[in-house]
Amino acid sequence: IKRATGADSGDVELEELTYEGYGPGGVAILVSVVTDNRNRSVSQVRSVFEHQGGKMGQTGSVNWLFEQKGVLSTDERDEERAQEVALLAIDLGAEDFELDGSYLEARCAPEQFEDLRGALEARGVIFSNAELDMSPKSTVRIDEKTAEQTLRLLDRLEDLDDVQKVFSNADFPDEVLD
């Protein structure tokens, strides 16, 4: 009661945890959590997995399917400028990029993230998103019904208070995402 009302003078210790599991269709899911109560978090995450057709996994069961990457996203003024920025990002150390019209997403090793971001910003690039992300090494193509179930599971996980980010290796059909 003291902790909930703020009367407790003790510092709250937060822990960063990662839970792993499988969703419908064998989709691998990583759940990044920051919590002051490990037991509450694991029971909430497990409950969502079980009620949405998934299953919690052991530590290391799906983590190996993901790798940490720096992700820099920008929506440039025009396609030509986006292509220039993509080539510049590659020259400055980006490993890969995805270009869709004027939207650009560049990926790099976590060690190069700050250097690449700083170099691109110095050249006038404004980012809509710049973060370290867990990218899947391979994806699982799923059908429409499984995609809808998986999206429901991911949404319910993201709605939990302690959950910071949810990553999956699902390859969703365009019809479902639209």
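Structure's up top.
This write-up is about the structure you can find in this document. (Residues numbered from 1 in each chain as written. Predicted model: local features only at pLDDT ≥ 70, side-chain atom pairs only at ≥ 80, totals over all residues. Heavy atoms only, no water.)

### Quick notes on the pairing of strand β2 (residues 28-35)
Okay, so step 1: Where burial is concerned, most of β2 is hidden: six out of the eight residues are buried.
Okay, so step 2: Relative to β2, strand β1 (residues 15-22) runs antiparallel, the two sharing eight bridges. Paired with E20 across the bridge in β2 is L30.
Okay, so step 3: With antiparallel pairing between neighbouring strands as the criterion, β1 and β2 make up a hairpin whose turn holds five residues, including G25 at a positive phi of roughly 75°. (Buried < 20%, exposed > 50% of the residue type's maximum accessible area, 1.4 Å probe, protein only. Helix = DSSP H or I, 4+ residues; strand = E, 2+ residues; numbered from the N terminus. Pairing = 2+ DSSP bridges.)

### Thoughts on the nonpolar core
Okay, so step 1: Y19, I29, V31, V45, F49, L157 and V166 are the most contacted members of the largest nonpolar core, which has 22 residues in total.
Okay, so step 2: Elements with a minimum of two residues in this core: β1, β2, α2 (38-51), α5 (144-159) and β9 (163-168).
Okay, so step 3: When sequence neighbours within four positions are dropped, the list of residues in contact with V31 reads L17, T18, Y19, V45, F49, L157, V163, K165 and V166.
Okay, so step 4: Residues A94, F113, L120 and F127 belong to the second largest nonpolar core, which totals 13 residues. (Core = buried A, V, L, I, M, F, W, Y, C linked by side-chain atoms within 4.5 Å. Contact = heavy atoms within 4.5 Å.)

### Regarding a nonpolar patch on the surface
Okay, so step 1: Judged by side-chain polarity, I90, F97 and L99 come together as a nonpolar surface patch covering roughly 210 Å² of accessible area.
Okay, so step 2: Within the secondary structure, F97 sits in strand β5 (residues 96-100). (Patch = residues over 30% accessible without salt bridge, like charges linked within 9 Å, V, L, I, M, F, W, Y side chains within 5 Å. Areas by Shrake-Rupley, 256 points an atom, 1.4 Å probe, with all protein chains shown as cover. Salt bridge = Lys/Arg side-chain N within 4 Å of Asp/Glu carboxyl O.)

### A look at the sheet that holds strand β3 (residues 55-56)
Okay, so step 1: Pairing is antiparallel across the open sheet formed by four strands, whose spatial order is β3-β1-β2-β9. Sheet topology places β3 and β9 at the edges, where each strand pairs with a single neighbour.
Okay, so step 2: Bridge count between β2 and β9: five bridges; the pairing is antiparallel. If you follow L30 over to β9, its bridge partner there is F167.
Okay, so step 3: In the packing of α2 onto the sheet, contacts are made with β1, β2 and β3, and the angle to β1 comes to roughly 20°.
Okay, so step 4: Lying on the sheet, α5 is in contact with β2 and β9; it crosses β9 at an angle near 160°. (Axes fitted to C-alpha atoms, helices over the stretch in contact; angles between N-to-C directions.)

### Some thoughts on a negative patch on the surface
Okay, so step 1: A cluster of acidic side chains, namely D78, E79, E80, E84, D96, E98 and D100, defines a negative patch on the protein surface.
Okay, so step 2: Taken together, the elements giving at least two residues each to the negative patch come down to α3 (79-91) and β5.
Okay, so step 3: Secondary-structure assignment places D78 in the loop between β4 (66-75) and α3.
Okay, so step 4: On the basis of relative accessibility, which here comes to 37%, the residue D78 falls in the partly exposed class. (Lys, Arg positive; Asp, Glu negative; His and termini not counted. Charge placed at Lys NZ, Arg CZ, Asp CG, Glu CD.)

### Some thoughts on the pattern of salt bridges
Okay, so step 1: Using the criterion set out here, one finds eight salt bridges in the structure.
Okay, so step 2: In this structure, K165 and E131 form a salt bridge, with 3.2 Å as the shortest nitrogen-oxygen distance. Of the two residues, K165 is situated in strand β9 and E131 in strand β7 (residues 129-136); the sequence distance between them amounts to 34 residues.
Okay, so step 3: Owing to a relative accessible area of 32%, K165 belongs among the partly exposed residues under this scheme.

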